[in-house]
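# Close look at the chain arrangement
Here's the letter readout for the chains.
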Amino acid sequence: MGLLSGKNKEVLTGPLSKNNPVIVQMLGICSALAVTSKLEPSIVMGLSVTAVVAFANVIISLLRNTIPNRIRIIVQLVVCAALVTIISEVLKAFAYDVNKQLSVFVGLIITNCILMGRLEAFALGNSPWESFLDGIGNGLGYGIILVIVGFFRELLGSGTLLGLQVIPQAFYDFGYVNNGLMILPPMALIVVAVIIWVHRSRNKDLQEN
Amino acid sequence: MEELLSTFVRSVFVENMIFAYYLGMCSFLAVSKNVKTALGLGTAVTFILVCTLPINYLLENYILKEGALSWLGDRFTQVNLSFLSLLIFIAVIASFTQLVEMVVEKFAPALYASLGIFLPLIAVNCAILGGSLFMQQKAFANVGIASVYGLGSGIGWLLAIVGMAAIREKLAYSDIPKPLKGLGITFIITGLMGIGFMCFSGLKI
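This text gives an overview of the structure that appears in the document. The model shown is predicted, which means the values in this text are computed figures rather than measured ones.

## Here we look at the packing of aromatic side chains
In total, this model carries eight aromatic pairs over all chains according to the counting rule given. Pairing Phe 151 of chain A with Phe 152 of chain A gives two aromatic rings, centres 5.3 Å apart and planes at 85°, and the pair type is edge-to-face. The exposure class of Phe 151 of chain A is partly exposed, given its relative accessible area of 32%. What makes Phe 152 of chain A partly exposed here is its relative accessible area of 39%. Residue placement shows Lys 106 of chain B over the ring face of Phe 107 of chain B; its charged tip is 6.0 Å from the ring centre.

Below you can see the structure in the form of structure tokens.
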């Protein structure tokens, strides 16, 4: 049994596309939409969520045989809240500007449904190493969607990527104008809808009737 | 009085939890399939927001904020417990949800049955925690304004989910491209409703 045997690989890579937390399982949508008007906060948010989900999964998985069933939600919330507090203090110390942009959404990782969903559905019934991989996989699957949405919104909305100008000045001289609508909140929903559309037309078995 | 009214109108229309901040999207998407359950969940969310925001406001201002403990004596003026706010807020919300669940189960069993699983799930509804975190960020002047902000956010959320449910009920008869059915079209409609709500953004009283 290698550490990355067939089943573990499936656990890790499944959430990236086929079983993506945001566009298939419908989890963690709130924060996925709100922080994506620029690419940089999207990346930071993706990494923070990955870290929290992975470690929360490991902790709950280690404790899974000792937590009484009745109070498990409270235990999970406390573990998540502690981890999120750590992450938010780290961000405040090392990435203050991004932390300001993310505002309340760092705190809202606690109520991110991916977290509770994975803890309930996976960590309570699996060993720590598998739970860790599951956490990483789901965190990255969430991150990918954030990065795609952030990429298009920043590129079309401000003509920049990570704050650097990518659309050459010559375009603007010809009359190209940034699409200000892309910066506004509602467009995040529509970009995600387009991603869902593309994803479902390629994976026919996910379509709803 | 004027400030109360303007906070209320702002939180319902301009800073709508769903269309401006996307808070509570998960339950918004999952429960907006018919108007009746949407109305029930919206009422429950409003109620919990109205109850937890003043409690969290008082906790924030008399215990957690920097210098908030000065009423205990001079030695405590330097204490800053704000790093604990996430833990405290989520604990208040979770216990309050539990309390409401027990009260509703005892005194209104019919409502309890119709809400079912959604009642306990409110504890992890981001709109509730979001309300408390925004309250912390905006630093309201007194507890009255904080309660009105809670009420307004709740009603805004209720308005959004009921509107969405009404549209989705009608949507059953329309011809939508197959990959877009269900989740996809719901996202697009929410986006369009959001654009509609943006026309309130200049609103001032």
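## A look at helix 4 (residues 85-107) of chain B
For helix 4 of chain B, built from 23 residues, the straight-helix expectation of 33 Å at 1.5 Å per residue is met to within 8% by its first-to-last C-alpha distance of 33 Å. By the burial criterion, the buried members of helix 4 of chain B are Ser 85, Leu 86, Phe 89, Ile 90, Val 92, Ile 93, Ala 94, Phe 96, Thr 97, Val 100, Glu 101 and Val 104 of chain B.

## Observations regarding empty space enclosed by the protein
Going through the model one piece at a time under the given rule, you end up with two cavities of 30 Å³ or more. Here the largest cavity is characterised by a volume of approximately 50 Å³. Lining the largest cavity we find Gly 28, Ile 29, Cys 30, Ser 31, Phe 105, Leu 108, Thr 111, Asn 112 and Cys 113 of chain A together with Cys 26 and Cys 126 of chain B. Counting residues per element, the lining of the largest cavity draws most heavily on helix 2 (residues 29-34) of chain A, at three residues. Its residues placed into classes, the lining of the largest cavity shows seven nonpolar, four polar and no charged.

Conventions used here
- Residues numbered from 1 in each chain as written.
- Chains lettered and ligands numbered in written order.
- Predicted model: local features only at pLDDT ≥ 70, side-chain atom pairs only at ≥ 80, totals over all residues.
- Heavy atoms only, no water.
- Phe/Tyr/Trp six-rings, centres within 6.5 Å; stacked < 30°, edge-to-face > 60°.
- Buried < 20%, exposed > 50% of the residue type's maximum accessible area, 1.4 Å probe, protein only.
- Lys NZ or Arg CZ within 6 Å of the ring centre and 35° of its normal.
- Helix = DSSP H or I, 4+ residues; strand = E, 2+ residues; numbered from the N terminus.
- Expected span 1.5 Å × (residues − 1).
- 1 Å grid on protein atoms, 1.4 Å probe; cavity = no way out; pocket = protein on both sides within 12 Å on 5 of 7 lines; lining within 4 Å.
- Points joined across faces, edges and corners; volume = space filled by probe spheres on them.
- Nonpolar A, V, L, I, M, F, W, Y, C, P; charged D, E, K, R; others polar.

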